[in-house]
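Okay, here's what each chain looks like letter by letter:
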Amino acid sequence: MEGKNLDNFVLIMYIAIIVFFAYRLIKARKNKKLLAGEVNQFDRPSTTFEWVLLAFLLATGIFNLVAGIKNNNKNAIMMSIVMVILSFVFALSQQNKLYVAENGILINSNFYTYKELKKWGFDKEKNDFVMQVKKDRQNSNEATKVKDDDIIKVNNLIRKYKLGK
(Lines give C-alpha, C1' and ligand atoms only; values in the text may rest on other atoms or scores of the structure.)
Protein backbone atom coordinates (compact mmCIF):
# COMPACT_ATOMS: atom_id res chain seq x y z
CA MET A 1 0.00 0.00 0.00
CA GLU A 2 2.86 2.38 0.85
CA GLY A 3 4.44 1.82 -2.59
CA LYS A 4 1.19 2.76 -4.29
CA ASN A 5 1.04 6.03 -2.31
CA LEU A 6 4.59 6.83 -3.39
CA ASP A 7 3.70 6.06 -7.02
CA ASN A 8 0.71 8.38 -6.79
CA PHE A 9 2.86 11.11 -5.24
CA VAL A 10 5.45 10.81 -8.03
CA LEU A 11 2.69 10.88 -10.63
CA ILE A 12 1.25 14.06 -9.08
CA MET A 13 4.71 15.64 -9.07
CA TYR A 14 5.19 14.86 -12.77
CA ILE A 15 1.79 16.34 -13.56
CA ALA A 16 2.66 19.47 -11.56
CA ILE A 17 5.86 19.85 -13.59
CA ILE A 18 3.87 19.47 -16.82
CA VAL A 19 1.47 22.19 -15.63
CA PHE A 20 4.44 24.47 -14.80
CA PHE A 21 6.01 24.09 -18.26
CA ALA A 22 2.62 24.43 -19.98
CA TYR A 23 1.98 27.61 -17.99
CA ARG A 24 5.31 29.05 -19.14
CA LEU A 25 4.50 28.21 -22.77
CA ILE A 26 1.10 29.88 -22.53
CA LYS A 27 2.57 32.89 -20.72
CA ALA A 28 5.25 33.29 -23.41
CA ARG A 29 2.63 33.18 -26.16
CA LYS A 30 0.49 35.74 -24.32
CA ASN A 31 3.42 38.05 -23.57
CA LYS A 32 4.66 37.82 -27.16
CA LYS A 33 1.59 39.89 -28.10
CA LEU A 34 2.96 42.74 -25.94
CA LEU A 35 5.98 43.18 -28.23
CA ALA A 36 5.61 46.23 -30.46
CA GLY A 37 7.50 47.93 -33.26
CA GLU A 38 10.50 46.19 -34.74
CA VAL A 39 10.82 42.76 -33.10
CA ASN A 40 14.03 40.74 -33.25
CA GLN A 41 14.09 37.12 -32.16
CA PHE A 42 17.09 35.10 -31.06
CA ASP A 43 17.25 31.35 -30.66
CA ARG A 44 18.18 30.00 -27.27
CA PRO A 45 20.69 27.18 -27.60
CA SER A 46 19.93 24.14 -25.46
CA THR A 47 22.51 22.97 -22.97
CA THR A 48 23.94 19.47 -22.81
CA PHE A 49 22.17 19.01 -19.47
CA GLU A 50 18.80 19.80 -21.08
CA TRP A 51 19.40 17.25 -23.84
CA VAL A 52 20.47 14.61 -21.32
CA LEU A 53 17.42 15.31 -19.16
CA LEU A 54 15.13 15.11 -22.19
CA ALA A 55 16.67 11.81 -23.29
CA PHE A 56 16.43 10.43 -19.75
CA LEU A 57 12.74 11.38 -19.45
CA LEU A 58 11.92 9.88 -22.82
CA ALA A 59 13.92 6.68 -22.23
CA THR A 60 12.42 6.18 -18.77
CA GLY A 61 8.93 6.78 -20.15
CA ILE A 62 9.42 4.23 -22.93
CA PHE A 63 10.97 1.72 -20.50
CA ASN A 64 8.00 2.13 -18.12
CA LEU A 65 5.57 1.70 -21.01
CA VAL A 66 7.17 -1.55 -22.17
CA ALA A 67 7.41 -2.88 -18.59
CA GLY A 68 3.83 -1.82 -17.86
CA ILE A 69 2.48 -3.56 -20.94
CA LYS A 70 4.47 -6.75 -20.25
CA ASN A 71 3.32 -6.89 -16.62
CA ASN A 72 -0.17 -5.51 -17.29
CA ASN A 73 0.63 -2.76 -14.76
CA LYS A 74 -1.77 0.13 -15.34
CA ASN A 75 0.13 2.37 -12.93
CA ALA A 76 3.39 1.94 -14.88
CA ILE A 77 1.57 2.60 -18.16
CA MET A 78 0.02 5.77 -16.72
CA MET A 79 3.41 6.89 -15.39
CA SER A 80 5.01 6.28 -18.79
CA ILE A 81 2.36 8.31 -20.60
CA VAL A 82 2.86 11.20 -18.18
CA MET A 83 6.66 11.00 -18.61
CA VAL A 84 6.39 11.09 -22.40
CA ILE A 85 4.04 14.08 -22.18
CA LEU A 86 6.48 15.74 -19.76
CA SER A 87 9.39 15.20 -22.15
CA PHE A 88 7.33 16.66 -25.00
CA VAL A 89 6.30 19.76 -23.01
CA PHE A 90 9.87 20.16 -21.72
CA ALA A 91 11.21 20.03 -25.29
CA LEU A 92 8.69 22.68 -26.38
CA SER A 93 9.58 24.94 -23.46
CA GLN A 94 13.27 24.75 -24.37
CA GLN A 95 12.43 26.28 -27.73
CA ASN A 96 11.45 29.62 -26.15
CA LYS A 97 13.28 32.44 -27.84
CA LEU A 98 14.66 35.75 -26.65
CA TYR A 99 12.80 38.69 -28.19
CA VAL A 100 14.19 42.22 -28.28
CA ALA A 101 11.62 44.73 -29.49
CA GLU A 102 11.32 48.49 -29.58
CA ASN A 103 9.16 48.52 -26.45
CA GLY A 104 10.82 45.79 -24.36
CA ILE A 105 12.32 42.35 -24.00
CA LEU A 106 10.64 38.95 -23.74
CA ILE A 107 12.90 36.57 -21.83
CA ASN A 108 11.99 33.28 -20.14
CA SER A 109 8.28 33.91 -20.81
CA ASN A 110 8.45 37.31 -19.05
CA PHE A 111 8.03 40.69 -20.74
CA TYR A 112 9.96 43.70 -19.45
CA THR A 113 9.88 47.26 -20.69
CA TYR A 114 13.12 49.20 -21.01
CA LYS A 115 12.03 51.32 -18.04
CA GLU A 116 12.06 48.14 -15.91
CA LEU A 117 15.47 47.08 -17.24
CA LYS A 118 18.15 48.37 -14.85
CA LYS A 119 21.30 46.51 -15.95
CA TRP A 120 22.26 43.92 -18.51
CA GLY A 121 25.38 42.05 -19.47
CA PHE A 122 26.82 38.91 -20.97
CA ASP A 123 28.86 36.05 -19.57
CA LYS A 124 30.87 35.30 -22.68
CA GLU A 125 32.30 32.05 -21.28
CA LYS A 126 28.83 30.55 -20.78
CA ASN A 127 27.06 32.64 -23.46
CA ASP A 128 24.55 33.83 -20.87
CA PHE A 129 22.57 37.03 -21.28
CA VAL A 130 21.79 38.43 -17.82
CA MET A 131 19.41 41.24 -16.93
CA GLN A 132 18.58 42.96 -13.68
CA VAL A 133 15.03 44.28 -13.70
CA LYS A 134 12.82 46.18 -11.29
CA LYS A 135 9.16 45.33 -11.61
CA ASP A 136 6.48 46.00 -9.03
CA ARG A 137 9.14 47.55 -6.74
CA GLN A 138 11.11 44.30 -6.65
CA ASN A 139 14.52 43.65 -8.15
CA SER A 140 15.07 40.35 -9.88
CA ASN A 141 17.46 38.79 -12.32
CA GLU A 142 16.71 37.02 -15.57
CA ALA A 143 19.19 34.98 -17.55
CA THR A 144 19.11 32.92 -20.71
CA LYS A 145 21.55 31.35 -23.11
CA VAL A 146 22.33 33.17 -26.34
CA LYS A 147 24.39 32.16 -29.32
CA ASP A 148 27.89 33.57 -29.42
CA ASP A 149 27.09 35.27 -32.73
CA ASP A 150 24.06 37.03 -31.22
CA ILE A 151 25.75 38.70 -28.23
CA ILE A 152 26.77 41.85 -30.10
CA LYS A 153 23.42 42.05 -31.94
CA VAL A 154 21.42 41.76 -28.70
CA ASN A 155 23.60 44.31 -26.93
CA ASN A 156 23.38 46.79 -29.82
CA LEU A 157 19.59 46.49 -29.98
CA ILE A 158 19.18 47.07 -26.25
CA ARG A 159 21.52 50.08 -26.41
CA LYS A 160 19.51 51.42 -29.34
CA TYR A 161 16.10 51.00 -27.72
CA LYS A 162 16.98 51.75 -24.09
CA LEU A 163 19.68 54.37 -24.47
CA GLY A 164 18.92 55.72 -27.94
CA LYS A 165 22.49 54.96 -29.09
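Preceding block: the structure.
All values reported here derive from a predicted model rather than from experimental measurement.

Here the focus is the environment of Phe 42. Among the structural elements, Phe 42 can be located in strand β1 (residues 39–42). For Phe 42, a relative accessible area of 6% translates into the label buried. Sequence-wise, Phe 42 and Asp 150 are 108 residues apart; in three dimensions their C-alpha atoms are separated by 7.2 Å.

This brings us to the side chain of Asn 40. Looking at the element boundaries, Asn 40 is found in strand β1. Classification of Asn 40 as buried rests on a relative accessible area of 18%. For Asn 40, the contacting residues outside a window of four places in its chain are Leu 98, Tyr 99, Val 100, Leu 157 and Tyr 161.

The antiparallel open sheet is built from three strands, whose spatial order is β5-β6-β7. Taken across any chain shown, the strands that pair with only one partner, and hence form the sheet edges, are β5 (117–123) and β7 (138–145). With direction set aside, neighbouring strand axes in the sheet form an average angle of 15°. Pairing of strand β6 (residues 128–135) with β7, which is carried by eight bridges, proceeds in the antiparallel orientation. Each residue of the ladder has a partner; that of Gln 132, found in β7, is Asn 141. Its contacts with the sheet place helix α4 (residues 151–163) against β5 and β6, and it is angled at close to 165° to β5.

Locating Leu 86 in the fold gives a position in helix α3 (residues 74–93). Given the relative accessible area of 4%, Leu 86 is considered buried. Along the primary structure Leu 86 and Lys 70 are separated by 16 residues, whereas in three dimensions their C-alpha atoms are 23 Å apart. Among all residues touching Leu 86, those that are not within four sequence positions of it are Tyr 14, Ile 17, Ile 18, Phe 21 and Leu 57.

Summarising the element assignment, Ala 143 is placed in strand β7. As a C-alpha pair, Ala 143 and Arg 29 span 114 residues in sequence and 19 Å in three-dimensional space. Ala 143 has contacts with Ile 107, Asn 108, Phe 129 and Val 130, leaving out every residue within four places of it along the chain.

Ranked by size, the top nonpolar core spans 17 residues in total, and within it Leu 98, Val 100, Ile 105, Phe 129, Met 131 and Ile 158 carry the most contacts. Elements with a contribution of two residues or more to this core: β2 (98–101), β3 (104–107), β6 and α4. The biggest single contributor to this core is α4, with five residues. Excluding its chain neighbours within four sequence positions, the residues that come into contact with Phe 129 are Leu 98, Ile 107, Trp 120, Gly 121, Phe 122, Glu 142, Ala 143, Thr 144, Val 146, Val 154 and Ile 158.

There is a patch of nonpolar side chains on the surface, built from Leu 58, Ile 62, Val 66 and Val 84 and spanning about 300 Å² of accessible area. With three residues, helix α2 (residues 48–70) is the single largest residue contributor to the nonpolar patch. A relative accessible area of 35% means that Val 84 is categorised as partly exposed.

Rules of the game
- Residues numbered from 1 in each chain as written.
- Predicted model: local features only at pLDDT ≥ 70, side-chain atom pairs only at ≥ 80, totals over all residues.
- Heavy atoms only, no water.
- Helix = DSSP H or I, 4+ residues; strand = E, 2+ residues; numbered from the N terminus.
- Buried < 20%, exposed > 50% of the residue type's maximum accessible area, 1.4 Å probe, protein only.
- Contact = heavy atoms within 4.5 Å.
- Pairing = 2+ DSSP bridges.
- Axes fitted to C-alpha atoms, helices over the stretch in contact; angles between N-to-C directions.
- Core = buried A, V, L, I, M, F, W, Y, C linked by side-chain atoms within 4.5 Å.
- Patch = residues over 30% accessible without salt bridge, like charges linked within 9 Å, V, L, I, M, F, W, Y side chains within 5 Å.
- Areas by Shrake-Rupley, 256 points an atom, 1.4 Å probe, with all protein chains shown as cover.
- Salt bridge = Lys/Arg side-chain N within 4 Å of Asp/Glu carboxyl O.

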